[in-house]
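Commentary on secondary and tertiary structure
What follows is the residue order along each chain.
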Amino acid sequence: MQLNFVFHATATFPTGSGQLCSQETGAVKRRNIGGRLYAPLASVLLALSVGGCGTSGGEATGSASGSVGGTPGTASHVTAEPAAWHKWGLTPLPAAPEPPADKPIKLSATGPVPVFAHVPTSQKVVFITVDDGLEKDPQFIEMMRDLKIPITMFLMNDAIKSDYGYFKPLQAMGNRIQNHTLHHPAMNTIPLARQKQEVCGDQKILTQQFGTAPLLFRPPYGAYNNNTKIAVGECGPRAIVWWRESMQVRNMQYQEPGKKLRPGDIILAHFRGPAELKGATMTEMFANLLRRIQEQGFAVARLEDYIQAPTGH
């Protein structure tokens, strides 16, 4: 049986500049992947990480070199022809707008890594992130080529090591590959040294295999603590990425009141197949995700196009 749920808490506190910063205090998500239950033994409310958000408005904490988007010519505002959408039984989504020149999320090369679950923007866009990498459906690559939907991949080495090459065509479309640990532990349940092994190990392999060092990190189950932030900062990524919605088979689970998408929301999905999707394929699940987005009138933009990376990334 497949279980999917999230325990979630949010805290709001003043930053050093006097602004209020809303930050996730932790989560545990459970799911069955490939017959193996990835879940901690108990749900945990995590301690609020030290430090401010460091991700909003015009205050950068370090020098920057622009956005961290993908391959030139594959910007998220490039749209597919209607025939491509009809091929997959879909109605076209609105075209994504040009990303703002002044990136709403600005990352620092030093200091505590921030945690964010959405992008502060008034544009009617959402961002799709796809985790793990266990399912390697060739039709999903075809679907992405046809529809030109930007995604961000948070890949875990245990899931992808059987075929690193599967993800390279997706990367060539401009989709960035980000860090999701070596073995998928609940980070808040293991010591700092082990957390560093998980993050640094995945960072090294992903950099070697795909030629670019990940800038972002997603903790398995959404679970993290202050040691996680230390490990992430020392291993190379400069932010921890959470989510506001998670895609199941046909519908999304919402973490916020109102049960609807909002501008800048980050959506969590997974590389999954029929064994985890009640018989549905990866492309069927993803088509349902696009239908839910289309019904609410949103475009899909590339997450990295809204992030200003530190110099050197």
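A few points on the structure. (Residues numbered from 1 in each chain as written. Predicted model: local features only at pLDDT ≥ 70, side-chain atom pairs only at ≥ 80, totals over all residues. Heavy atoms only, no water.)

What follows concerns the side chain of Glu245. Checked against the element boundaries, Glu245 lands in strand 12 (residues 245-247). The contact partners of Glu245, leaving out residues within four places of it in the chain, are Met252, Gln253, Tyr254, Gln255, Lys260, Leu261, Asp265, Ile266, Ile267 and Leu268. (Helix = DSSP H or I, 4+ residues; strand = E, 2+ residues; numbered from the N terminus. Contact = heavy atoms within 4.5 Å.)

Next up on the list: the packing of aromatic side chains. Evaluation of the coordinates by the stated rule reveals 7 aromatic pairs. Relative to Trp243, the ring of Trp242 has its centre 4.6 Å away and its plane inclined at 10°; by these criteria the two rings are stacked. Accessibility expressed as a relative area gives 0% for Trp242, which makes it buried. Each member of the aromatic cluster is reached from another via a ring pair, and the members are Phe140, Tyr166, Phe167, Phe271 and Phe286. Here the guanidinium or amino end of Lys124 rests over the ring plane of Phe298, the centre of that ring lying 5.1 Å away. Its guanidinium or amino end placed over the ring of Phe154, Arg218 lies 4.6 Å from that ring's centre, counting from NZ or CZ. (Phe/Tyr/Trp six-rings, centres within 6.5 Å; stacked < 30°, edge-to-face > 60°. Buried < 20%, exposed > 50% of the residue type's maximum accessible area, 1.4 Å probe, protein only. Lys NZ or Arg CZ within 6 Å of the ring centre and 35° of its normal.)

A separate point is the state of the cysteines. Under the criterion given, the structure shown has 1 disulfide. Disulfide pairing is shown between Cys200 and Cys235; the S-S distance is 1.9 Å. What sets the handedness of the Cys200 and Cys235 disulfide is the S-S torsion sign, and at about -90° it is left-handed. Pair noted here: Cys200 is in helix 5 (residues 192-210) and Cys235 is in helix 6 (residues 226-235), with a separation of 35 residues, a long-range link. Residue Cys235 is classed as buried on the basis of its relative accessible area of 10%. (Disulfide = S-S within 2.5 Å.)

Our next topic: the nonpolar core. Ile128, Phe140, Phe167, Leu170, Phe271, Phe286 and Ile293 are the most contacted members of the largest nonpolar core, which has 48 residues in total. Here this core gets 7 residues from one element, more than from any other, and that element is helix 7 (residues 282-295). For Ile293, the residues in contact, after removing those within four places along its chain, are Leu93, Val126, Ile128, Leu261, Ile267, Phe298 and Val300. The next biggest cluster of nonpolar side chains, apart from the first, holds 33 residues, and it includes Ala117, Val199, Val241 and Trp242. (Core = buried A, V, L, I, M, F, W, Y, C linked by side-chain atoms within 4.5 Å.)

Turning next to the packing of helix 5 against helix 6. The angle between the axes and the distance between the axes are what describe a pair of packed helices. Relative orientation of the contacting elements helix 5 and helix 6 amounts to 35°, with a least axis distance of 9 Å. Here the hand of the crossing between helix 5 and helix 6 comes out right-handed. For the pair helix 5 and helix 6, the contacting residues are Leu192, Gln195, Lys196, Val199, Cys200 and Gln203 in the first and Asn227, Thr228, Ile230, Ala231, Val232, Glu234 and Cys235 in the second. Taken together, the residues of the contact of helix 5 with helix 6 sort by class into 7 nonpolar, 4 polar and 2 charged. (Axes fitted to C-alpha atoms, helices over the stretch in contact; angles between N-to-C directions. Left-handed = near helix turned anticlockwise from the far one by under 90°. Nonpolar A, V, L, I, M, F, W, Y, C, P; charged D, E, K, R; others polar.)

Moving on to helix 5. With 19 residues, helix 5 extends 27 Å between its outermost C-alpha atoms, agreeing within 8% with the 27 Å of an ideal straight helix rising 1.5 Å per residue. Among all positions of helix 5, only Gln195, Glu198, Val199, Gly201, Asp202, Gln203, Leu206 and Phe210 are buried. In the stretch just after helix 5, Gly211 is the one whose phi turns positive, near 80°. (Expected span 1.5 Å × (residues − 1).)

Further remarks concern helix 7. For helix 7, built from 14 residues, the straight-helix expectation of 20 Å at 1.5 Å per residue is met to within 8% by its first-to-last C-alpha distance of 20 Å. Counting buried residues along helix 7, 10 of its 14 residues qualify, which places the element largely inside the surrounding structure. When we look at burial in helix 7, the residues that qualify are Met282, Thr283, Met285, Phe286, Ala287, Asn288, Leu289, Leu290, Arg292 and Ile293. A positive phi of about 75° marks Gly297, the residue just after helix 7.

Turning to the pattern of salt bridges, a few remarks are in order. Between side chains of opposite charge, pairing is possible as soon as their charged atoms come close. With the rule as written, the count across this model stands at 11 salt bridges. The residue Asp102 makes a salt bridge to Lys106 at a minimum N-O spacing of 2.7 Å. Overall, Lys106 belongs to the buried group, its relative accessible area being 6%. For Asp131, the salt bridge goes to Arg218, with nearest N and O atoms at 2.9 Å. One end of the pair, Asp131, is in strand 7 (residues 125-132); the other, Arg218, is in the loop between strand 10 (216-217) and helix 6, and 87 residues separate them in sequence. By sharing partners, the salt bridges in this structure join Lys87, Glu142 and Asp146 into a single network. (Salt bridge = Lys/Arg side-chain N within 4 Å of Asp/Glu carboxyl O.)

A positive phi angle is found at Lys148, which is not glycine, with a value near 55°. For Lys148, the location among the structural elements is in the loop between helix 2 (138-147) and strand 8 (152-155). Lys148 gets classed as partly exposed once you look at its relative accessible area, which sits at 40%. Positive phi, normally seen in glycine, also occurs at His184, with a value near 70°. With respect to the helices, strands and loops of the structure, His184 is situated in the loop between strand 9 (177-179) and helix 5.

Between helix 2 and helix 7, the least distance of the axes is 9 Å, while the angle of their chain directions is 35°. Relative to helix 7, helix 2 is oriented so that their crossing is right-handed. Across the interface between the two elements, Gln139, Phe140, Met143, Met144 and Leu147 from helix 2 touch Met282, Thr283, Phe286, Ala287 and Leu290 from helix 7. Grouping the amino acids of the contact of helix 2 with helix 7 by side-chain chemistry returns 8 nonpolar, 2 polar and no charged.

Any link to function would need more than the numbers given here.
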